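Survey of secondary and tertiary structure
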Amino acid sequence: MRFLHLADLHIGKRVNEFSMLADQRFILDQIVQKALAAHVDAVLIAGDVYDKPVPSTEALEVFEHLLGSFSQHEVPVLVIPGNHDSAERLSFGSRFMDAQGIHIARAFSEKPQVVHLSDQYGPVDIHLLPFVKPVYVRAAFPDEEISSYQDAVAVAVAHMPIDPDVRSVLVAHQFVTNAGTPPEVVHEPGLSVAVGGVDNVDASLFAAFHYVALGHVHISQQIGRPEVRYCGTPLKYSFSESGRQLVLNLVDLDAQGAVQVEEVPLQPLHDMREVRGSLEELRSQAGEEGPAAEDYLHVTLTDEALMDAMAKVREFYPHTMTLDFAQTEDEERAPRIEADPSHKTIPQLFDDYFLQQTGEQLSDQQEAVVAAAAREAGEDR
């Protein structure tokens with residue numbers, strides 16, 4: 001059986017106030033085309049379908065289009081909610097969609113959720129485990145001793161009807177480690193993973209499964225054995241991912257349950273990159289980049305000071321997301337600004353800011369302009 005392993009779509013996400021919906025439509029259409037060309041037998045989506053528990057109408061439409069594209073070609077799609085999703089909202093109408101080959105896991109309960117598929121070698125059981133916290137599993141199994149995420153997932157797996165004579169796949173959304181070694185993670189503000197924390201679940205809990213399709217971590221990688229795997233995100237959502245190749249994970253499960261994973265490259269509508277140089281150097285560079293000048297950028301300017309820098313940079317790099325200035329002096333020689341500025345006037349604070357940003361003092365003429373502006377605003381004391 002060949003299936004597509006997806007996760008962490010985060011449909012509806014905004015990055016530095018830029019909507020990613022157009023990029024998500026583009027990459028998901030590309031994924032559908034590549035998956036159909038590879039003749040996949042099923043699609044597994046391991047959580048964080050949406051970026052928010054209550055997604056926008058536009059985000060709903062993007063996911064509906066994805067499901068419709070696979071359903072039109074009679075490719076089963078199996079989905080679990082992640083920690084960013086509302087399990088109840090995501091699974092609305094799931095009983096009716098089952099008949100169309102769209103299987104969306106409901107919120108965790110004592111009732112196991114298994115989808116039975118088959119190929120030329122026989123049955124394959126796909127076990128669906130929505131994102132769980134200890135409180136969810138305690139509510140379902142009040143007689144069990146559950147004090148940690150490790151306990152919670154262990155109890156959840158122990159109550160799954162795993163048939164040792166049938167090839168079994170688990171779809172889960174947790175922070176999984178290998179004997180205490182954490183996965184490589186993206187350093188993204190607000191990313192809900194606890195490296196080395198109480199959320200950790202050890203990969204050894206999944207020994208009974210031939211393949212474990214994980215979501216939650218944004219970089220494609222195996223955890224311990226090759227059959228336990230995060231597929232990563234289909235898009236970059238952080239500049240810490242600059243230089244990372246986006247991939248599509250195609251998984252082949254043979255008659256004995258042995259697994260092979262192929263990483264197929266993806267090309268985003270806009271890449272995320274970091275560039276550095278003076279305004280004029282970057283202007284010249286952008287003119288030679290063609291379509292790449294439309295990428296999402298973190299720009300570092302080496303100019304000493306520049307008014308309206310973002311507006312000037314966006315004249316040739318229109319999708320610049322963040323901008324800063326390079327430090328022009330060694331840290332030891334950099335001007336030190338007093339930590340407590342509460343007793344300073346507005347002109348003095350502006351003088352400190354200018355010194356910190358440029359390494360230079362305001363000229364007499366500049367100080368006069370600032371003082372006049374402060375007086376006019378009544379902020380000269």
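Just so we're clear, the structure is a prediction, and the values are computed from it rather than from any experiment. Residue indices follow the written sequence of each chain, beginning from 1 at its first position. This being a predicted model, a pLDDT of at least 70 is required before a residue's local features are given, and a value of 80 or more before pairs of side-chain atoms are given or counted; all residues contribute to the totals for chains, interfaces and linings. With hydrogens and water stripped out, all remaining heavy atoms of the structure feed into the side-chain values.

**Some words on the overall build of the protein**
Helix and strand assignments come from DSSP, with helices taken as H or I runs of at least 4 residues and strands as E runs of at least 2, each series counted from the N terminus. Counting secondary structure elements, the protein contains 10 helices and 19 strands. Surface exposure here means Shrake-Rupley accessible area, sampled with a 1.4 Å probe, where a residue is shielded only by the protein chains that are shown. Just so you have it, the protein exposes about 18800 Å², and 49% of that area is on carbon and sulfur atoms. None of His or the chain ends enter the tally, which takes Lys and Arg as positive and Asp and Glu as negative. Charge positions are represented by NZ for Lys, CZ for Arg, CG for Asp and CD for Glu. Taking the average place of the 27 positive charges on the side chains of the protein and the average place of its 60 negative ones, the gap between the two points comes to 3 Å.

**Description of the sheet that holds strand E14 (residues 225–230)**
Between any two strands, pairing holds if DSSP finds at least two bridges. Strand order across the open sheet formed by 6 strands is E7-E8-E9-E12-E14-E13, with mixed pairing between neighbours. Looking at strand neighbours, the two that pair on one side only are strand E7 (114–119) and strand E13 (221–223), the edges of this open sheet. Here the average twist between neighbouring strands, direction ignored, is 30°. In terms of strand pairing, strand E12 (residues 211–215) meets E14 through 3 bridges, oriented parallel. Residue Ala213 lies in a different strand from E14, and its bridge partner there is Arg229. With axes taken as lines fitted to C-alpha atoms, and helix axes fitted only over the stretch in contact, angles between N-to-C directions fall between 0 and 180 degrees.

**Focus on the pattern of salt bridges**
Between Lys or Arg on one side and Asp or Glu on the other, a salt bridge is scored when a side-chain nitrogen of the former is within 4 Å of a carboxyl oxygen of the latter. Applying the stated criterion across every chain yields a total of 11 salt bridges. In this structure, the salt-bridge partner of Arg2 is Asp252, at a minimum N-O distance of 2.9 Å. Pair noted here: Arg2 is in strand E1 (residues 2–6) and Asp252 is in strand E15 (residues 247–253), with a separation of 250 residues, a long-range link. Ionic contacts of the salt-bridge type, sharing partners, join the residues Arg273, Glu289 and Asp295 into one network.

**A closer look at helix H6 (residues 149–158)**
Residues of H6 that are buried include every one of Tyr149, Ala152, Val153, Val155, Ala156 and Val157, and no others. In what follows, a contact means two residues having at least one pair of non-hydrogen atoms within 4.5 Å. Buried-residue contacts for H6 involve strand E8 (122–129), helix H5 (134–140) and strand E11 (200–202). In this scheme, a residue with accessible area under 20% of its type's maximum is buried, one over 50% is exposed, and one in between is partly exposed, where area comes from a 1.4 Å probe on protein chains only.

**Focus: the environment of Val155**
By the secondary structure assignment, Val155 is in helix H6. Residues Val155 and Ser91, spaced 64 residues apart in sequence, show a C-alpha to C-alpha distance of 23 Å. Among all residues touching Val155, those that are not within four sequence positions of it are Val137, Phe141, Glu144 and Ile146.

**Topic: the pairing of strand E18 (residues 296–301)**
Among the 6 residues in E18, 6 count as buried, and that is most of the element. Burial along E18 is two-sided: the face carrying Tyr296, His298 and Thr300 and the face carrying Leu297, Val299 and Leu301 are both buried. Sheet topology note: the strand E17 (residues 272–277)/E18 ladder contains 6 bridges and is parallel. The residue of E18 that forms the bridge with Val275 is Val299. The crossover handedness rule: strands pointing away from the viewer, path from first strand over the helix to second strand clockwise, crossover right-handed. Handedness of the E17-helix H7 (residues 279–289)-E18 crossover: right-handed. Sheet topology places E18 next to strand E19 (residues 320–325); 5 bridges connect them, and they run parallel. Residue pairing across strands places His298 opposite Thr322, the latter belonging to E19.

**Thoughts on the nonpolar core**
We call a set of buried residues a nonpolar core when its members are Ala, Val, Leu, Ile, Met, Phe, Trp, Tyr or Cys and they connect through side-chain atoms within 4.5 Å of each other. Core analysis: the biggest nonpolar cluster contains 42 residues, and Leu4, Ile11, Val43, Ile45, Phe63 and Phe70 have the highest contact counts within it. Elements with a minimum of two residues in this core: E1, helix H1 (21–37), strand E4 (42–46), helix H2 (57–72), strand E5 (77–80), strand E6 (102–104) and E15. Look past the residues within four positions of Ile45 in its chain and what remains in contact with it is Leu6, Leu9, Phe63, Leu66, Val77, Leu78, Val79, Ile80 and Val171. One finds Val137, Ile146, Val201 and Phe206 within the second-largest nonpolar core, a separate group that totals 30 residues.

**A short note on the packing of aromatic side chains**
Working definition: an aromatic ring pair is given by the centre-to-centre distance plus the angle between the planes. Put simply, two rings from Phe, Tyr or Trp (the six-membered ring, in Trp's case) pair if the centres are within 6.5 Å, and we call them stacked under 30 degrees between planes, edge-to-face over 60, tilted for the rest. Within the structure shown, the criterion is met by 5 aromatic pairs. Residue placement shows Lys13 over the ring face of Tyr237; its charged tip is 5.7 Å from the ring centre. Working rule: Lys NZ or Arg CZ, within 6 Å of ring centre, within 35 degrees of ring normal, means a charge sits over the ring.

**Structural notes on unusual backbone geometry**
Despite not being glycine, His39 shows a phi value in the positive range, around 60°. Residue position: His39 is located in the loop between H1 and E4. We note that His216 has phi near 125°; this positive angle belongs to a residue other than glycine. By the secondary structure assignment, His216 is in the loop between E12 and E13.

**Some words on the sheet that holds E6**
Read across the sheet, 6 strands follow the order E6-E5-E4-E1-E15-E16 without closing on themselves; strand pairing throughout is mixed. Bordering the open sheet on either side are E6 and strand E16 (259–265), each of which pairs with just one other strand. Within the sheet, the average angular offset between the axes of one strand and its neighbour, ignoring direction, is 20°. With 4 bridges connecting them, E1 and E15 associate as antiparallel partners. By the bridge assignment, Arg2 is partnered in E15 with Asp252.

**Section: the side chain of Arg273**
Position of Arg273 relative to the elements: it lies in strand E17. For Arg273, a relative accessible area of 19% puts it in the buried group.

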